[in-house]
Amino acid sequence: MTPREPKCATIDGRECRLPAAAVARIVADDLEQTDALSFAREWIRTDAAFCAIMGPTGIGKTVAAWHLLVRERGVCATARDVSDAYTHEGSRRRRDELETRRLLVIDEIGTERDEDAASAALFELIDARQRGTLKTLLLGNLTVAAFVARYGERTIARIRESGRIVGLASDSMRVAR
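Residues numbered from 1 in each chain as written. Predicted model: local features only at pLDDT ≥ 70, side-chain atom pairs only at ≥ 80, totals over all residues. Heavy atoms only, no water.

Overview of the pairing of strand 6 (residues 135-140)
Put simply, the rule reads: Three exposure classes are used, based on accessible area relative to the maximum for each residue type with a 1.4 Å probe and protein chains only: buried under 20%, partly exposed in between, and exposed over 50%. Runs of H or I in DSSP of at least four residues are treated as helices and runs of E of at least two as strands, each being numbered from the N terminus. Two strands form a pair only when DSSP identifies at least two bridges running between them. Note on handedness: a clockwise path from strand one over the helix to strand two, with the strands aimed away from the viewer, defines a right-handed crossover.
Counting buried positions along strand 6 gives six out of six residues, so the element sits mostly inside the fold. Judged by which residues are buried, strand 6 turns out to be covered on both faces: K135, L137 and L139 on one side and T136, L138 and G140 on the other are all buried. Taken together, the five bridges between strand 3 (residues 50-54) and strand 6 define a ladder with parallel strand orientation. Pairing of F50 across the sheet is with T136, part of strand 6. Direction of pairing for strand 5 (residues 103-109) relative to strand 6: parallel, over a ladder of five bridges. Among the inter-strand pairings, L104 is bridged to a residue of strand 6, identified as T136. One crossover worth recording links strand 5 to the parallel strand 6 by way of helix 6 (residues 115-131), and it is right-handed.

Structural data, given as structure tokens:
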């Protein structure tokens, strides 16, 4: 019997919630070409500040994000982390980090518990990052229509002014268990 691969690994000391085999491929730059990876690589080379990639689980969004994070020395946060940073006392240092890093990846868009607080927090962060012309990659399992409905036209307009929103429907890369 072979031991099971761990559920997550670390890259540069940061937990990335990916299997160790995926991490090894990211570090070695030996990745399967997916639509998510193509969009992420194309976007990072442009002047566009924002890119939102929405689509079902298992299509390579998180792998694409970590590919960029490793190469661009960015920071990753979940949507819940963002919401918490803007709604709890004592989170100024975390907000500063989210607002000023050259590359920020926000994963798990749409999973926040309080939709109103999440929408307000995302708008504030997007506004701050747009003023600083900093790169922000947003990832979620929502459809584009659900993303727009959840976060509102004001936030979506900011993202579209300086970037793009992509909806992917590719087959899952995950192995059926």
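After presenting the structure, the write-up continues.
Thoughts on unusual backbone geometry
Here the phi dihedral of E108 falls at roughly 65°; this positive angle occurs in a residue that is not glycine. Within the secondary structure layout, E108 lies in strand 5. Its identity as a non-glycine residue notwithstanding, T133 has a phi of 45°, on the positive side. Counting through the fold element by element, T133 comes out in the loop between helix 6 and strand 6. Residue classification places T133 among the exposed positions, given a relative accessible area of 66%.

As for the packing of helix 6 against helix 7 (residues 144-161)
Spelled out, the test is: Convention adopted: a line fitted to C-alpha atoms gives each axis, helices being fitted over their contacting stretch, and angles between N-to-C directions are expressed from 0 to 180 degrees. Roughly parallel means an angle under 35 degrees; roughly antiparallel, over 145; roughly perpendicular, 65 to 115; everything else is oblique. The handedness criterion is simple: a crossing whose near helix is rotated anticlockwise from the far helix by less than a right angle is left-handed, and one whose near helix is rotated clockwise is right-handed. The contact criterion used throughout is that any non-hydrogen atoms of two residues lie within 4.5 Å. Classification convention: Asp, Glu, Lys, Arg as charged; Ala, Val, Leu, Ile, Met, Phe, Trp, Tyr, Cys, Pro as nonpolar; all other residues, Gly among them, as polar.
Two elements in contact, helix 6 and helix 7, have axes whose closest approach is 9 Å; the angle formed by their N-to-C orientations is 15°. Comparing the axis directions of helix 6 and helix 7 gives the class roughly parallel. Helix-helix and strand crossings are classified by hand; for helix 6 and helix 7 the assignment is left-handed. From helix 6, E115, A118, S119, L122, F123, I126, D127 and Q130 reach across to helix 7, where they touch R150, Y151, R154, T155, R158, I159 and E161. Taken together, the residues that form the contact of helix 6 with helix 7 break down as six nonpolar, three polar and six charged.

Here's the deal with the pairing of strand 3
Burial runs high along strand 3: five of the five residues are buried. Inspection of the sheet shows strand 3 paired to strand 7 (residues 163-167) by five bridges, in the parallel sense. Within strand 7, the position partnered with C51 by the bridge is R164.

Let's talk about the packing of aromatic side chains
So the rule is basically this: Pairing of aromatic side chains here covers Phe, Tyr and the six-membered ring of Trp, requires ring centres within 6.5 Å, and sorts the geometry by plane angle: under 30 degrees stacked, over 60 edge-to-face, intermediate tilted. Charge-over-ring placement is defined geometrically: NZ (Lys) or CZ (Arg) within 6 Å of the ring centre, and within 35 degrees of the ring normal.
Applying the stated rule across the entire model yields one aromatic pair. Here the aromatic rings of F147 and Y151 are separated by 5.4 Å at their centres, their planes lie at 55°, and the arrangement is tilted. With F147 and Y151 both in helix 7 and four residues apart, this pair spans about one turn of that helix. Classification of F147 by relative accessible area gives buried; the value is 0%. On the accessibility criterion, Y151 (2% relative accessible area) is buried. The aromatic ring of F123 is capped on one face by R154, whose charged end is 3.6 Å from the ring centroid.

Remarks on helix 5 (residues 92-100)
Basically, it comes down to this: The directions considered for the arc are those from the helix axis to the C-beta atoms.
Three or more residues of helix 5 are buried, namely R95, L98 and E99. The buried residues of helix 5 occupy one face: seen down the axis, they fall within an arc of 95°. Among the exposed residues of helix 5, those pointing more than 90 degrees away from its buried face are R93 and T100. Where helix 5 is buried, its residues touch strand 4 (75-78), helix 4 (79-87), strand 5 and helix 6.

A short note on the sheet that holds strand 7
The strand order across the open sheet formed by five strands is 4-5-6-3-7, and the pairing between neighbours is parallel. The open sheet terminates on both sides in strands that have one partner only, identified here as strand 4 and strand 7. When the angles between neighbouring strand axes are averaged without regard to direction, this sheet yields 15°. Pairing of strand 4 with strand 5, which is carried by four bridges, proceeds in the parallel orientation. Residue T78 lies in a different strand from strand 5, and its bridge partner there is D107.

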